Amino acid sequence: MPRGRYSLHDPHDHTPLAEEHFHCAPGPSGWRYVSQLTTPSGDHAGSVDLALDELGRPIRLELHAASWQVRGAALDGVTWVRTDPTGTEATEGNVRAHAFTGTSPAFLVATARLLRLTPDASATRVRLVAFTDPVLAPRTVDQSWALISRETHATDNGPLTVDEYQVTALDTGEQHAVHLAGDVVLAAPGVELEHLESPPSVFA
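Residues numbered from 1 in each chain as written. Predicted model: local features only at pLDDT ≥ 70, side-chain atom pairs only at ≥ 80, totals over all residues. Heavy atoms only, no water.

The name given to the chain in an unreviewed UniProt entry is Glycolipid-binding domain-containing protein, and the organism recorded there is Streptomyces olivochromogenes.

Novice: Is there a simple way to explain the overall build of the chain in this structure?
Specialist: Within the chain, the secondary structure is distributed over 1 helix and 15 strands. Dimensions along the principal axes, computed over C-alpha positions, put the chain at roughly 55 × 40 × 40 Å. By the burial criterion, 43% of the 204 residues in the chain qualify as buried. Intrachain contacts of the chain at a sequence separation of at least 6 include 38% that bridge at least 24 residues. Within the chain, one finds 14 positive and 26 negative side-chain charges whose respective centroids are separated by 8 Å. (Helix = DSSP H or I, 4+ residues; strand = E, 2+ residues; numbered from the N terminus. Buried < 20%, exposed > 50% of the residue type's maximum accessible area, 1.4 Å probe, protein only. Contact = heavy atoms within 4.5 Å. Lys, Arg positive; Asp, Glu negative; His and termini not counted. Charge placed at Lys NZ, Arg CZ, Asp CG, Glu CD.)

Novice: Looking at this structure, how should I read the nonpolar core?
Specialist: One recurring pattern in soluble globular proteins is that nonpolar side chains are buried together. The biggest cluster of nonpolar side chains holds 48 residues, and the ones touching the most others in it are Phe131, Trp145 and Tyr165. No other element matches helix α1 (residues 106-115), which puts 8 residues into this core. (Core = buried A, V, L, I, M, F, W, Y, C linked by side-chain atoms within 4.5 Å.)

Novice: I would appreciate a short explanation of α1 in the present structure.
Specialist: Helical geometry: 3.6 residues make up each α-helical turn, so side chains three or four residues apart lie on a common side. α1 sits mainly inside the fold: 10 of its 10 residues count as buried. Of all the residues in α1, the buried ones are Ala106, Phe107, Leu108, Val109, Ala110, Thr111, Ala112, Arg113, Leu114 and Leu115.

Novice: Help me understand the pattern of salt bridges, please; the structure alone is not making it clear to me.
Specialist: Oppositely charged side chains may form a pair once their charged atoms are brought near each other. The final tally for this structure, using the stated rule, is 8 salt bridges. For Arg5, the salt bridge is made with Glu19, and the minimal N-O distance between the two is 3.2 Å. Taken together, the residues Arg5 in strand β1 (residues 3-9) and Glu19 in strand β2 (residues 16-27) connect sequence positions 14 residues apart. Look at Arg5 and you get partly exposed, because its relative accessible area is 23%. Assessed through its relative accessible area of 28%, Glu19 is described here as partly exposed. Between Arg125 and Asp142 there is a salt bridge, with the nearest N and O atoms lying 3.7 Å from each other. Of this pair, Arg125 sits in strand β10 (residues 124-132) while Asp142 sits in strand β11 (residues 137-155), placing them 17 residues apart in sequence. Among the charged side chains, a salt-bridge network with shared partners connects Arg32, Asp49 and Arg60. (Salt bridge = Lys/Arg side-chain N within 4 Å of Asp/Glu carboxyl O.)

Novice: Explanation requested: the environment of Pro16 in the structure shown.
Specialist: Tracing the backbone shows Pro16 in strand β2. Residues Pro16 and Thr103, spaced 87 residues apart in sequence, show a C-alpha to C-alpha distance of 13 Å. Among all residues touching Pro16, those that are not within four sequence positions of it are Leu8, His9 and Pro40.

Novice: Help me out: how do you make sense of empty space enclosed by the protein in this one?
Specialist: Any space left empty among the atoms is revealed by the rolling of a water-sized probe across them. Applying the stated criterion to the full structure yields 1 cavity of 30 Å³ or more. Roughly 30 Å³ of volume is contained in the largest cavity. Only β4 (44-53), β9 (99-102) and α1 provide two or more residues apiece to the lining of the largest cavity. The biggest single contributor to the lining of the largest cavity is α1, with 3 residues. (1 Å grid on protein atoms, 1.4 Å probe; cavity = no way out; pocket = protein on both sides within 12 Å on 5 of 7 lines; lining within 4 Å. Points joined across faces, edges and corners; volume = space filled by probe spheres on them.)

So, in structure tokens, the structure goes:
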């Protein structure tokens, strides 16, 4: 079960945003990721709880940030309920999309797991609902994912396979690289893996 810490920063000006302390593991029904976020000053900033089924679809998502809360799942596309800080009003949303995304590195792993790309395959288009910080506002985004390379490196814990993806935002054309090893993000815009206590899990 990988357990560790990511640092999150603004990908444009590198302003520190948060630290995300996480653990994740594959299970009989899919994969689960749980994390707690803290601000650069050490205050609690939110949490992520994401569970995928064996096909990579989100069967449960729970996000907390700045007193806002989102619960969602894959249902008629994706469906979610967003609750305001006072708890007096809840708004429900539904979009014909494939999955969710957001600032947590968990969503990069989840999207890669959903698409299951191979290095010789063409780029695949995916529609996602992004929950943007700090109030978890939903926004539908279209991306294109391509698996550029897959390399195996020797480590003290055995071979480590690293996948490099090219992700393109279809509304702006902006491209960036995402490097994954199993269910751990090694590098991505705004994400740095600061500490990892055990090797990444390998998906079957």
